[in-house]
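# Structure at a glance
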Amino acid sequence: LWSKETELVLNINNSEGTSSLFESNTSFLSQFEDMQRFDTKNKITISTKTIDSLVSSGELTDLDFMKIDVQGAELDVFKGGKDYLKNNLVGLEVEVEFSPMYQDQPLFSEVDTFVRQELGLELWDIRKTYWKYPQKRKPNACKGRLIFGDALYLRSIPTLDAWLLGMDSEKAKTKLHMLIISSLAYGYLDYAEAILNVDFADKYLGKEDKQ
């Protein structure tokens, strides 16, 4: 998946989970230990598609929540699915980088701005990962530098009513169910209950649904 249909070079790295459409930023990575896992051992050419094109062709028919981790290419995937994602996502978990692990990759600030402004979701939480610089004195006592994390976004109550009004009643009911279920799955019981207590929820949820 990408922002458009084209052909791109995928860098296959020693640790295949670090493989990316962006080249490893060796000048940054070399400051830390065990960074040879980012060394590229092969390059392959791949054809890309967009989420919006998969929707148009009928290959993607329904989506409520999205989890994505594609080593720096997340923003381009969102750009290729903006129309569909802004109209269908109740929530999103996305890997974000705070430091440039790859050359010319978008960092958290760009991804966050796009998700909030273009997809209509709001930041809920971030699970953070730190890397430590090599040092001999008490290596286990230091915290390290913030490098990347997983950011959680959900659709917020102030924007929810207007968003649901753009759908038929059955789809709106399903989306509200999925937002509540997603909130519960991530442990936000308070938010799930807050959704149930807003006035417009009665348009989509009966007493049995709420119970």
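Throughout what follows, the structure given in this document is the object of discussion. (Residues numbered from 1 in each chain as written. Predicted model: local features only at pLDDT ≥ 70, side-chain atom pairs only at ≥ 80, totals over all residues. Heavy atoms only, no water.)

The next point concerns the overall build of the protein. Along the backbone of the protein there are 9 helices and 6 strands. Dimensions along the principal axes, computed over C-alpha positions, put the protein at roughly 60 × 45 × 25 Å. For the protein, the proportion of its 211 residues judged to be buried stands at 44%. Considering only contacts within the protein whose residues lie at least 6 apart along the sequence, 71% involve residues at least 24 apart. Here the protein contributes 25 positive and 34 negative side-chain charges, whose respective centroids are spaced 6 Å apart. (Helix = DSSP H or I, 4+ residues; strand = E, 2+ residues; numbered from the N terminus. Buried < 20%, exposed > 50% of the residue type's maximum accessible area, 1.4 Å probe, protein only. Contact = heavy atoms within 4.5 Å. Lys, Arg positive; Asp, Glu negative; His and termini not counted. Charge placed at Lys NZ, Arg CZ, Asp CG, Glu CD.)

With that settled, the discussion passes to the pattern of salt bridges. All chains considered together, the criterion is met by 12 salt bridges. In this structure, Glu118 and Lys82 form a salt bridge, with 3.7 Å as the shortest nitrogen-oxygen distance. Taken as a pair, Glu118 in helix H5 (residues 108-119) and Lys82 in helix H4 (residues 82-88) lie far apart in primary sequence, 36 residues in all. Assessed through its relative accessible area of 30%, Glu118 is described here as partly exposed. Through salt bridges with shared partners, a single ionic network connects Asp62, Asp64 and Lys175. (Salt bridge = Lys/Arg side-chain N within 4 Å of Asp/Glu carboxyl O.)

Summarising the element assignment, Leu154 is placed in strand E6 (residues 145-154). Among the residues examined, Leu154 registers a relative accessible area of 1% and is labelled buried. With sequence-adjacent residues up to four places away left out, Leu154 is seen in contact with Phe65, Val90, Gly91, Leu121, Glu122, Trp124, Leu179, Ser183 and Tyr191.

Before going further, it helps to spend a moment on the packing of helix H6 (residues 157-165) against helix H7 (residues 169-185). It is the contact of H6 with H7, at a shortest axis distance of 9 Å, that shows an interaxial angle of 150°. Put simply, H6 runs roughly antiparallel to H7. Like other packed secondary-structure pairs, H6 and H7 cross with a definite hand, here right-handed. Every residue of H7 that contacts H6 at Leu160, Trp163 and Leu164 is listed here: Ala172, Lys175, Leu176 and Leu179. Residue classes in the contact of H6 with H7 are distributed as 6 nonpolar, no polar and 1 charged. (Axes fitted to C-alpha atoms, helices over the stretch in contact; angles between N-to-C directions. Parallel < 35°, antiparallel > 145°, perpendicular 65-115°, else oblique. Left-handed = near helix turned anticlockwise from the far one by under 90°. Nonpolar A, V, L, I, M, F, W, Y, C, P; charged D, E, K, R; others polar.)

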